[in-house]
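As a plain string of letters, each chain reads:
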Amino acid sequence: MDVLVIGAGAVGLTTAISLAEAGLSVTIRTAELPEQTTSVAAGAVWGAVKVGPPERALEWGRTGLEVLSKLAAEPGTGVRMAAGREVSRSPFEPYYWMRLLADLRPCEPSELPAGFTDGWRYTAPLVTMPVYLTYLRDRFEQAGGTLEVSPVTALAGLAGAAPVIVNCSGAAAFDLVPDPEVVPVRGQVVIVANPGIDEFLISRDPEPPWIVYMFPHGDTILLGGTNDEGNWDTEPRPEVAERIIAGCVAVEPRLRGAEILGHRVGLRPCRPEVRLEPEPLGDSTLWHNYGHGGAGISMAWGCAAEIARSMLS
Ligand SMILES: Cc1cc2nc3c(=O)[nH]c(=O)nc-3n(C[C@H](O)[C@H](O)[C@H](O)COP(=O)(O)OP(=O)(O)OC[C@H]3O[C@@H](n4cnc5c(N)ncnc54)[C@H](O)[C@@H]3O)c2cc1C
């Protein structure tokens, strides 16, 4: 074994693929299967929301945008290019990373939902996470990788297990490293039958009804959301689901009465900055690759490429 990757969320799988496809022998050890991770709860649209440091996040995001845009052209990946709007009830300057989006433009007043005064329209990769995670796992195994469900109890115990170990444990890095800078930001979403919506919509207004978003995935649409800082509870809460649905119906009345098909909860691994750096661990090198907050699906390919470049140069 050349590399041991800890974690099989989007970040662990992407890192493992990048190294396995470069010819290295890679094993993933994970506490949970990909479909049980935070990653499966994501919306997931490309963006670099509240993730740092900004210069590095812009580069990781650029790579993520390129790779995901290419995957959107391949069948079976779970990625497609989708048009949508990000809207606000107050003046809204585009985020710095939005300049990477080729067709970004302000919304016409007629394109804003009732009660909203500003917004931006763009096309970006939109990812159906259950399909995408299956695609990533298959691609990793086709590159010769092995995935073991076997929780790691202590990083120190892994010294010598492989020349390189990559820690992609998401919010669990809080205990595993341990890293007190990691804060879980709980996100709950509801999956309902899609009444015919094909564009995404996001409102990140900080006051009630808080963050509201909808991401269409063919016959289903994912509704959100919550940004509940410091909350480790992964059980869906019915009163939160009701609030999410009410918030989405208020913006998009076609969702009224839509059949509820499921609930998901994920813990965004938030940190003042993504931790992407190596350190010695006995005779091994331990790379950390965690803390991607609400943007891990978008950042994963860029972070994986940085590790691969550093290891293979
Ligand atoms: C509701 C919601 C919406 C989101 N929307 C978006 C979006 O639109 N766009 C976007 O880019 N991002 C979005 N995100 C953020 C994104 O989901 C995360 O940044 C990303 O999933 C983090 O991936 P990860 O692989 O680091 O962590 P995880 O998916 O949590 O995976 C961690 C892995 O580590 C394993 N692990 C943990 N501890 C151990 C251990 N001790 N031993 C072995 N294995 C261990 C776990 O089992 C798991 O396999 C969203 C998140 C949520 C919750």
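The shown structure was predicted, so the numbers you read here are calculated from the model rather than taken from an experiment. (Residues numbered from 1 in each chain as written. Predicted model: local features only at pLDDT ≥ 70, side-chain atom pairs only at ≥ 80, totals over all residues. Heavy atoms only, no water.)

Trainee: With reference to specific residues and values, describe the nonpolar core.
Mentor: Soluble, globular proteins show a tendency: their nonpolar side chains are buried together. In terms of nonpolar packing, the biggest core is built from 67 residues, with Val-26, Tyr-132 and Val-166 touching the most fellow members. With near-sequence residues (within four places) excluded, Val-166 lies in contact with Val-3, Leu-4, Val-5, Ile-6, Thr-15, Leu-19, Trp-287, Asn-289 and Ile-307. Counting 19 residues, the second-largest nonpolar core is a separate cluster that includes Phe-116, Val-212, Leu-223 and Cys-248. (Core = buried A, V, L, I, M, F, W, Y, C linked by side-chain atoms within 4.5 Å. Buried < 20%, exposed > 50% of the residue type's maximum accessible area, 1.4 Å probe, protein only. Contact = heavy atoms within 4.5 Å.)

Trainee: Explain the sheet that holds strand β1 (residues 3–6) to me, using residue names and the numbers behind them.
Mentor: Note on sheets: strands pair through backbone hydrogen bonds, and any given pair is parallel or antiparallel. Strands sit in the order β6-β2-β1-β7-β15-β14 across an open sheet of six strands; the sheet is mixed. The strands lining the two open edges of the sheet, one partner per strand, are β6 (146–149) and β14 (275–281). Between one strand axis and the next, the sheet turns through 20° on average, direction left out of account. Bridge count for β14 against strand β15 (residues 284–290) is seven bridges, and the pairing is antiparallel. Across the sheet, residue Pro-278 finds its bridge partner in β15, namely Trp-287. With respect to the sheet, helix α3 (residues 129–142) is in contact with β2 (26–30) and β6, its orientation differing from that of β6 by roughly 120°. (Pairing = 2+ DSSP bridges. Helix = DSSP H or I, 4+ residues; strand = E, 2+ residues; numbered from the N terminus. Axes fitted to C-alpha atoms, helices over the stretch in contact; angles between N-to-C directions.)

Trainee: Lay out unusual backbone geometry in plain terms, naming residues and giving numbers.
Mentor: The step from Gly-43 to Ala-44 runs through a cis peptide bond, and the omega angle for that step is -10°. On the secondary structure map, Ala-44 appears in the loop between β2 and α2 (54–72). A cis geometry characterises the amide bond from Gly-224 onward to Gly-225, with omega recorded as 10°. Relative to the helices and strands, Gly-225 resides in the loop between β11 (220–224) and β12 (228–229). In this structure, Lys-50 takes a positive phi of about 50° despite not being glycine. Inspection of the secondary structure assignment puts Lys-50 in the loop between β2 and α2. For Lys-50, a relative accessible area of 77% corresponds to the exposed category.

Trainee: A description of the side chain of His-288 should follow, citing residues and the corresponding values.
Mentor: The residue His-288 is located in strand β15 in this model. At a separation of 3.1 Å, a polar atom in the side chain of His-288 contacts the side chain of Asn-167. At a separation of 2.9 Å, a polar atom in the side chain of His-288 contacts the side chain of Glu-279. (Polar contact = N/O pair within 3.5 Å; in protein donor to acceptor, adjacent residues only side chain to side chain.)

Trainee: Explain the site of the ligand residue by residue, including any values.
Mentor: Taken together, 39 residues sit near the ligand, with Thr-30, Ser-39, Val-152, Gly-293 and Ser-298 positioned nearest. In the environment of the ligand, an oxygen atom lies 3.4 Å from a nitrogen or oxygen atom belonging to the backbone of Ala-10. Here an oxygen atom of the ligand and a backbone polar atom of Cys-168 are 3.5 Å apart. Mapped by element, the contributors of at least two residues to the shell around the ligand are α1 (10–20), β2, β8 (183–193), β13 (260–270) and α6 (296–312). Here the residues of the shell around the ligand sort into 19 nonpolar, 17 polar and three charged. (Near = heavy atom within 4 Å. Nonpolar A, V, L, I, M, F, W, Y, C, P; charged D, E, K, R; others polar.)

Trainee: Talk me through α1; I want residue IDs and the actual numbers.
Mentor: Of all 11 residues in α1, 11 are buried; the element is thus mostly enclosed. Within α1, the full set of buried residues consists of Ala-10, Val-11, Gly-12, Leu-13, Thr-14, Thr-15, Ala-16, Ile-17, Ser-18, Leu-19 and Ala-20.

Trainee: Tell me what's going on with the state of the cysteines, and back it up with residues and numbers.
Mentor: Taken as a whole, this structure holds zero disulfides when the rule is applied. The thiol of Cys-168 is unpaired, and the distance to the nearest cysteine sulfur, on Cys-303, comes to 9.2 Å. For Cys-168, a relative accessible area of 7% puts it in the buried group. Here Cys-248 stays free of any disulfide, with the sulfur of Cys-107 as its closest cysteine sulfur at 17 Å. For Cys-248, a relative accessible area of 0% translates into the label buried. (Disulfide = S-S within 2.5 Å.)

Trainee: I'd like a rundown of the pairing of β15, residues and numbers included.
Mentor: Counting buried positions along β15 gives six out of seven residues, so the element sits mostly inside the fold. In terms of strand pairing, strand β7 (residues 164–167) meets β15 through four bridges, oriented parallel. Opposite Ile-165, over in β15, you have Leu-286 as the bridge partner. Connecting β14 to the antiparallel partner β15 that follows it, the hairpin turn spans two residues, and Gly-282 within it adopts a positive phi of roughly 60°.

Trainee: Could you give an account of the pattern of salt bridges, naming the residues involved and the relevant values?
Mentor: For the structure on display, the rule yields 14 salt bridges. As a salt-bridge pair, Glu-111 and Arg-121 come within 3.9 Å of each other at their nearest N and O atoms. Taken together, the residues Glu-111 in the loop between β4 (105–106) and β5 (118–127) and Arg-121 in strand β5 connect sequence positions 10 residues apart. For Glu-111, a relative accessible area of 18% gives the class buried. By relative accessible area, which is 17% here, Arg-121 ends up buried. Residues Glu-181 and Arg-271 are paired through a salt bridge, measuring 3.3 Å at the closest nitrogen-oxygen approach. Placement of the pair is Glu-181 in the loop between α4 (173–176) and β8 and Arg-271 in the loop between β13 and β14, with a sequence separation of 90 residues. By relative accessible area, which is 40% here, Glu-181 ends up partly exposed. Among the charged side chains, a salt-bridge network with shared partners connects Arg-105, Glu-111, Arg-121 and Glu-199. (Salt bridge = Lys/Arg side-chain N within 4 Å of Asp/Glu carboxyl O.)

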